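Listed below are the residues making up each chain.
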Amino acid sequence: MIENRPALTVLSHAVLILGVLAVAFPLYVTFVASTLRLEEIMSVPMPLIPGDQFLANYSQVLAAGGTTGSKAPVSTMLFNSTVMALAIAIGKITISIIASFAIVYFRFPFRNFFFWMIFVTLMLPVEVRIIPTFKVVSDLGMLNTYAGLTVPLIASATATFLFRQFFMTVPDELAEAARVDGAGPMRFFWDVLLPLSKTSIAALFVIQFIYGWNQYLWPLLITSEESMYTAVIGISRMLVGGDAANEWNLIMATAILAMLPPALVVILMQRWFVKGLVETEK
Amino acid sequence: MEKRVVFRSAWLPYALLAPQIAVTIVFFFWPAAQAVWFSFQLQDAFGLRTEFVGLENFKALFADPHYLASFRTTAVFSALVAFWGIAISLLFATMADRVLRGALAYKTLLIWPYAVAPAVAGVLWAFLFAPSIGIVTYVLKRWGIDWNWIIQGDQAMLLIVIASVWKQISYNFLFFLAGLQSIPKSLIEAAAIDGAGPMRRFWTVVFPLLSPTTFFLLVVNIVYAFFDTFGVIDATTQGGPAQATQILVYKVYYDGVKAADLGGSSAQSVILMAIVIALTAVQFRFVEKRVQYS
């Protein structure tokens, strides 16, 4: 604190409290709507105090989904989202950490060429190559499969960069000592490098889990069977028409369920989340 | 920078790189090359015959008023998202950097929207602003504002800007907070001793020192508005009404998937790739600069 200005401190708190409330307002209304009957939402203005349909709405969507539009149970969608988020996070971390290990700890022909190949993928987000990528996945028979949902998304330039950056800071003496002791490269990787990388892995895991959970365009393209919908896709499939035709209470219950896992990951793993966010963007 | 100590093996490094490179080739390079190839071709309506047409698809695109309008829509949309996202989060971060009490609580309560999927963010705001039942619509109508984003293009644009900014504030906030905390307190103290008040100190000392962060966030936010907001748009306006919110990415998707115009959609993909490459180049030049300064 540079100087004591009580008025300014009060103003800061006021702005922050207003900000927190404004940011939380949509979430609150969503939660309230998820505990009401549909008729209560339709009677404008809807009440802003939670109703008594919490159990009814949530058990309805978890067990059976909506009654119009998509009828897939949300529990299946949550399972699919979990599989997708975990497979993408773990897949990205695994193939990136071994790729950076190769690039940092070995000298071999075309090393820089491979590094640039990985780097260039930064410039090819899925949004710019929608149709050809869809064709490749369809030719490989991976539509409506978990492999199709995850494998095309697990190449990661940012994760490879992050691990490369981190390996550069690992003292050379460690590798030297390992070599003197007769440990091969993989032994060194497992016993020395991997334990040292724990925080980087945790940080990346948080970021990539959220990335995988929140994917939209990709699952939208390659899942046509309801049993393969992810939670985020499920919500947009429950929107069937004009705003009065939707089962808003059920959609909002699904929205809360779809937000909960990634929000918990962010809040409970806040330290790693911030570290991961700042480092992956370097 | 290179490692002094390295391991030797004729095959191991290739085996370690193989999974990453395989995924990269099959799902990145091959499709990207195909997009370029398709962009020079014209398919007949049944997809039976394709013909090499050179730059015809590109010529057709730039003669298409809808495509040019989509460029303008994208520019307006990304400028609004980047400006408001940065301005609001800079305000919050500056305030959060000042307060001592409850700083962690404020931070936690401001960062959680990062976890919300863009499509879900869109649904949340579409519900609040729903023309017949939305709670915000109700308040606006009481104030005499006729709100219906399903018919009015400007309001549809406003809706997707609000949803996109709301989701992005948490990200910008964290970067600004980190930037503010790395500014040496002695600089601000010196300005205070010279008699500069809080506003003056912010604009003459703090804001210039934050400019690398601001510039970085500007690029990131533009990339976000260009690509990651697809979910917001598809879950709410779907590009409508009358293409008022059809940004470039949405048009690629719409023309390619819904309208099955392979050549035209691929040509748009190629143009988008060029835009991403330019944005990435800008970002990297900036990163190099920052390394030199530190």
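Residues numbered from 1 in each chain as written. Chains lettered and ligands numbered in written order. Predicted model: local features only at pLDDT ≥ 70, side-chain atom pairs only at ≥ 80, totals over all residues.

Engineer: Which parts of the structure should I look at to understand the overall build of chain A?
Structural biologist: Helix and strand counts for chain A come out as 15 helices and zero strands. Computed over C-alpha atoms, the radius of gyration of chain A comes to 24 Å, more than 25% over the 19 Å expected from 2.2 N^0.38 for 282 residues, which places it beyond the range of a compact globule. Taken along its principal axes, the extent of the C-alpha atoms in chain A is 75 × 65 × 30 Å. Expressed as a percentage of the 282 residues in chain A, the buried residues total 47%. Within chain A, residue pairs in contact and separated by at least 24 positions form 72% of the contacts whose partners lie at least 6 positions apart. (Helix = DSSP H or I, 4+ residues; strand = E, 2+ residues; numbered from the N terminus. Rg over C-alpha atoms; globule rule 2.2 N^0.38 Å. Buried ≥ 20, exposed ≤ 12 C-beta atoms within 10 Å, placed from the backbone. Contact = placed C-beta atoms within 7 Å.)

Engineer: Even after reading the chapter, I still don't get the overall build of chain B, so can you show me in this structure?
Structural biologist: Along its length, chain B carries twelve helices and two strands. The N-to-C order of helical and strand elements in chain B reads α-β-β-α-α-α-α-α-α-α-α-α-α-α. The buried share of chain B, taken over its 294 residues, is 42%.

Engineer: Can you walk me through the packing of helix H3 (residues 65-98) of chain B against helix H7 (residues 153-181) of chain B in this structure?
Structural biologist: A pair of packed helices can be characterised by two numbers: the angle between their axes and the separation between those axes. Residues and elements named next belong to chain B. In contact at an axis separation of 6 Å, H3 and H7 are set at 40 degrees when each is read in the N-to-C sense. Viewed along their axes, H3 and H7 adopt a mutual orientation that is oblique. Note that H3 runs across H7; the crossing there is right-handed. For the contact of H3 with H7, the per-class residue count stands at 18 nonpolar, seven polar and one charged. (Axes fitted to C-alpha atoms, helices over the stretch in contact; angles between N-to-C directions. Parallel < 35°, antiparallel > 145°, perpendicular 65-115°, else oblique. Left-handed = near helix turned anticlockwise from the far one by under 90°. Nonpolar A, V, L, I, M, F, W, Y, C, P; charged D, E, K, R; others polar.)

Engineer: Just checking my understanding: could you explain the interface of chain A and chain B for this structure?
Structural biologist: You'll often see interface size given as the accessible area lost when the parts meet. Contact residues are listed per partner, giving 86 residues for chain A and 84 residues for chain B. If one sorts the elements of the side of chain A that touches chain B by residue count, helix H1 (residues 6-33) of chain A sits on top with 14 residues. When its residues are assigned to classes, the side of chain A that touches chain B shows 65 nonpolar, twelve polar and nine charged.

Engineer: So what exactly am I meant to see when it comes to the nonpolar core here?
Structural biologist: Most often, soluble globular proteins have nonpolar side chains that are buried together. Counting residues in each nonpolar core, the largest one holds 164 residues, and the members touching the most others are A:Phe101, A:Ile235, A:Ala255, B:Val120, B:Val123, B:Trp125 and B:Val249. Sorting elements by how many residues they give to this core places helix H4 (residues 74-105) of chain A first, with 17 residues. The residues contacting A:Ile235, other than those within four sequence positions of it, are A:Ile251, A:Thr254, A:Ala255, A:Ala258, B:Ala119, B:Val120 and B:Val123. (Core = buried A, V, L, I, M, F, W, Y, C linked by C-beta atoms within 7 Å.)

Engineer: I would appreciate a short explanation of the packing of helix H6 (residues 130-139) of chain A against helix H1 (residues 12-38) of chain B in the present structure.
Structural biologist: Direction vectors running N to C along H6(A) and H1(B) enclose 125 degrees, while the axes themselves pass 8 Å from each other. Relative to H1(B), H6(A) is oriented oblique. Relative to H1(B), the crossing made by H6(A) is right-handed. The residues of H1(B) that touch H6(A), namely those facing A:Pro132, A:Thr133 and A:Val136, are B:Val26, B:Phe27, B:Trp30, B:Pro31, B:Gln34, B:Ala35 and B:Phe38. Residue composition of the contact of H6(A) with H1(B), by class: eight nonpolar, two polar and no charged.

Engineer: I would appreciate a short explanation of unusual backbone geometry in the present structure.
Structural biologist: Among all residues save glycine, negative phi is the norm, and among peptide bonds the norm is trans. All names here are of chain B. Within the chain, Gln238 stands out as a residue other than glycine whose phi angle is a positive 50 degrees. By the element assignment, Gln238 lies in the loop between helix H10 (230-235) and helix H11 (248-258). A positive phi angle is found at Gln243, which is not glycine, with a value near 60 degrees. Structurally, Gln243 can be placed in the loop between H10 and H11.

Engineer: I keep staring at H11(B) and nothing clicks. Help me out?
Structural biologist: A turn of α-helix holds 3.6 residues, and therefore any two residues three or four places apart point the same way. The buried fraction of H11(B) is high, at eight of eleven residues. Where H11(B) terminates, the next one or two residues include B:Ala260, which has phi positive at roughly 50 degrees.

Engineer: Could you clarify how one ought to interpret the environment of A:Asp172 in this entry?
Structural biologist: Among the secondary structure elements, A:Asp172 is positioned in helix H9 (residues 172-180). Setting aside residues no more than four positions away along its own chain, A:Asp172 makes contact with B:Lys3, B:Arg4 and B:Val5.

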